[in-house]
Amino acid sequence: MTKIITIGREFGSGGRTIGKAVAEKLGIPCYDYELLLKIAEESGLSEQFIQERAENSSVSSVVARGLSGLGKHSYTSTEDYLWKIQKKVITDIAAKESCVIIGRCADWLLSDKADCLRVFIYADVKKRAERIVNVYGERKESPEKRIKDKDKHRSTFYYLHTDMEWGNVHNYHICLDSGELGIERCTDIIASLY
């Protein structure tokens, strides 16, 4: 049986870096951008299009989904189509190999899997703002605004597909404050739990 670690994360918390470090330490694959490539391959859509749409569901998507059940005709949005492909890709990967999966509601999709450690990484906004400027090199707009916007998109995407609150501690086995613990310590904790 495969053993999976899913990493949900706030933007700028270092969750992606932690996930990759955990995978490297354990000698298992990490799926982040690689998921986008697989979704693009499976759907026949471009990688750029997938990347732009994959975690960017909007409030209008939520409204469109709610209205789709009204009347004679059903509406299948691009987001719904991508969700079906994403779900298939993630469940297929989890069935085939032990790995780390970053984001994309993998925690929810694999919640009934016995060997799935669900992790959420968060940090103080000030520390995340410093990280997106110093590590990611983002300087076009206010780091706090960028964090707020990105987290809002992730929250909407998560709610749209799971009907659950993104970042709620009850959705995860463990939540780690990377701003206080640091990347290396978070990596060690997750690897030891695996």
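The structure under discussion appears in the preceding block.
Here's what I pulled together on the structure shown here. (Residues numbered from 1 in each chain as written. Predicted model: local features only at pLDDT ≥ 70, side-chain atom pairs only at ≥ 80, totals over all residues. Heavy atoms only, no water.)

Brief notes about the nonpolar core
Counting residues in hydrophobic clusters, the biggest one holds 26 residues, and the most contacted among them are I4, L35, I90, I101 and L110. Grouped together as the second largest cluster of nonpolar side chains are 16 residues, V119, L176, C186 and I190 included. (Core = buried A, V, L, I, M, F, W, Y, C linked by side-chain atoms within 4.5 Å. Buried < 20%, exposed > 50% of the residue type's maximum accessible area, 1.4 Å probe, protein only.)

Structural notes on the pairing of strand β4 (residues 116–122)
Burial runs high along β4: 6 of the 7 residues are buried. Sheet analysis places β4 next to strand β5 (residues 174–177), joined by 4 bridges and oriented parallel. Bridge pairing in β5 links I121 to L176. (Helix = DSSP H or I, 4+ residues; strand = E, 2+ residues; numbered from the N terminus. Pairing = 2+ DSSP bridges.)

Observations concerning the pattern of salt bridges
Under the definition given, this model contains 8 salt bridges. Notably, a salt bridge pairs E10 with R128, separated by 3.4 Å at the nearest N-O pair. With E10 in the loop between β1 (4–9) and α1 (15–26) and R128 in helix α7 (residues 125–134), the pair connects residues that are 118 residues apart, well separated along the chain. Both residues of the pair, E10 and R128, belong to the buried class. The shortest N-O distance in the salt bridge between K145 and D149 comes to 2.7 Å. Here the residue K145 and the residue D149 both occupy positions in helix α8 (residues 143–162), the gap between them amounting to 4 residues, near one helical turn. Owing to a relative accessible area of 45%, K145 belongs among the partly exposed residues under this scheme. (Salt bridge = Lys/Arg side-chain N within 4 Å of Asp/Glu carboxyl O.)

Considering the packing of helix α2 (residues 33–43) against helix α5 (residues 78–96)
Remark: α2 packs on α5, axes separated minimally by 9 Å, with the N-to-C direction vectors making an angle of 120 degrees. Judged by the angle between their axes, α2 and α5 are oblique. The chirality of how α2 crosses α5 is right-handed. Every residue of α5 that contacts α2 at L35, K38, I39, E42 and S43 is listed here: Y81, L82, I85, Q86, K88, V89, I90 and I93. Its residues placed into classes, the contact of α2 with α5 shows 8 nonpolar, 2 polar and 3 charged. (Axes fitted to C-alpha atoms, helices over the stretch in contact; angles between N-to-C directions. Parallel < 35°, antiparallel > 145°, perpendicular 65-115°, else oblique. Left-handed = near helix turned anticlockwise from the far one by under 90°. Contact = heavy atoms within 4.5 Å. Nonpolar A, V, L, I, M, F, W, Y, C, P; charged D, E, K, R; others polar.)

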